[in-house]
Amino acid sequence: MKANRTELARAIKRARDRVRPEDAGLPAGQHRRVPGLRREELAMLAGISADYVVRLEQGRGPHPSDQVLTALCRALRLDADERDHVFHLAGVAPPHSGLIDLHVRPSVLRLIDRMQDLPALVMSAKGDVLAWNAMSSALHGDWSALRPERRNQLRLRFLPDPTDPPRSKVGGTPEERSATAAQSVANLRAVAGRYPEDPGLARLLEELRRGSAEFRELWADTDAGSWRSHTKTVEHPTLGVLRLECDSLHVPDVDQKLLAYSAAPGSPEADALALLRVLGTQELTPAR
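Residues numbered from 1 in each chain as written. Predicted model: local features only at pLDDT ≥ 70, side-chain atom pairs only at ≥ 80, totals over all residues. Heavy atoms only, no water.

*Asks:* Explain the pairing of strand 2 (residues 129-132) to me, and be specific about the residues and the numbers.
*Replies:* One ladder, built from three bridges, connects strand 1 (residues 120-123) with strand 2; its direction is antiparallel. In the sheet register, leucine 121 faces strand 2, and the bridge partner there is tryptophan 132. Count of turn residues in the strand 1/strand 2 antiparallel hairpin: five residues, of which glycine 127 carries a positive phi of about 95°. (Pairing = 2+ DSSP bridges. Helix = DSSP H or I, 4+ residues; strand = E, 2+ residues; numbered from the N terminus.)

This is the structure we're talking about:
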């Protein structure tokens, strides 16, 4: 399949102009000279260099891989038809059934955008954080500041990396952390049964087995299960310890989950979420 670099460059540029930074969970800022995302912002969201984006939009540079195209289409909030068109222009076959879907439908993105009072994010079947709203970054830490491969709940849980930017701690008591770890592994085992040929899942499992004794032990002793809604403890560096309801809503056609955090009206946690919306995304450093 031959690439059409000129049309690919046009498609990427036009899509980038359509996406507002706040739609992608980024601060809008002031004195912007472009209608949509800056090239640097698209590069950050997709996990590639700004120079790579420049070369693509100029119709030159390397032939993009399917991983790069998937990340670009997700960052540009393209629907399935638009994504497939970009893949064809790049001379790459679009993703096929039987693989874990990493593309978030625009309707789901609009849904989390409307949740302005609640932290919300979208996860793939294998735990990749694919999309988030501003409140999720304010609660957990700026997702866009993480390297794309680190935006995975299992890597964050079982494979800590000291080079990650500061983030809120999730888990609470040792009992809560053990329960959620077991649930994560049970869900991953079920996912491995549904997607035996997914290469990204195979890489994730290999990393987890090689790098985490806790994961190896749980993998050996845990049966398949599903991710369920439950109460989570989040230790925010400014707001302190919050006990929040975490509801998991399944998007069946793409086998993704929308996670939304909330608190009962009138509770201290509800007041904290209201304050969090005012604070917005900021560097997560302990309060003095």
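*Asks:* Tell me about the pairing of strand 5 (residues 240-251), and name the residues and values.
*Replies:* Side-chain direction in a regular strand flips from residue to residue, so the side chains alternate between the two faces of the sheet. Where strand 4 (residues 230-236) and strand 5 come together, seven bridges link them in antiparallel fashion. From the neighbouring strand, glutamate 235 faces strand 5, where its bridge partner is valine 241. Both strand 5 and strand 6 (residues 256-262) contribute to a ladder of seven bridges, which runs antiparallel. Within strand 6, the position partnered with histidine 250 by the bridge is lysine 257. The hairpin turn running from strand 5 into strand 6, its antiparallel successor, is four residues long, and aspartate 255 in that turn takes a positive phi close to 55°.

*Asks:* Got a sec to walk through the environment of glutamate 217? Specific residues and values, please.
*Replies:* With respect to the helices and strands, glutamate 217 occurs in helix 11 (residues 213-221). When its relative accessible area of 56% is taken as the criterion, glutamate 217 is described as exposed. With 50 residues separating them in the primary sequence, glutamate 217 and arginine 167 have C-alpha atoms 26 Å apart. (Buried < 20%, exposed > 50% of the residue type's maximum accessible area, 1.4 Å probe, protein only.)

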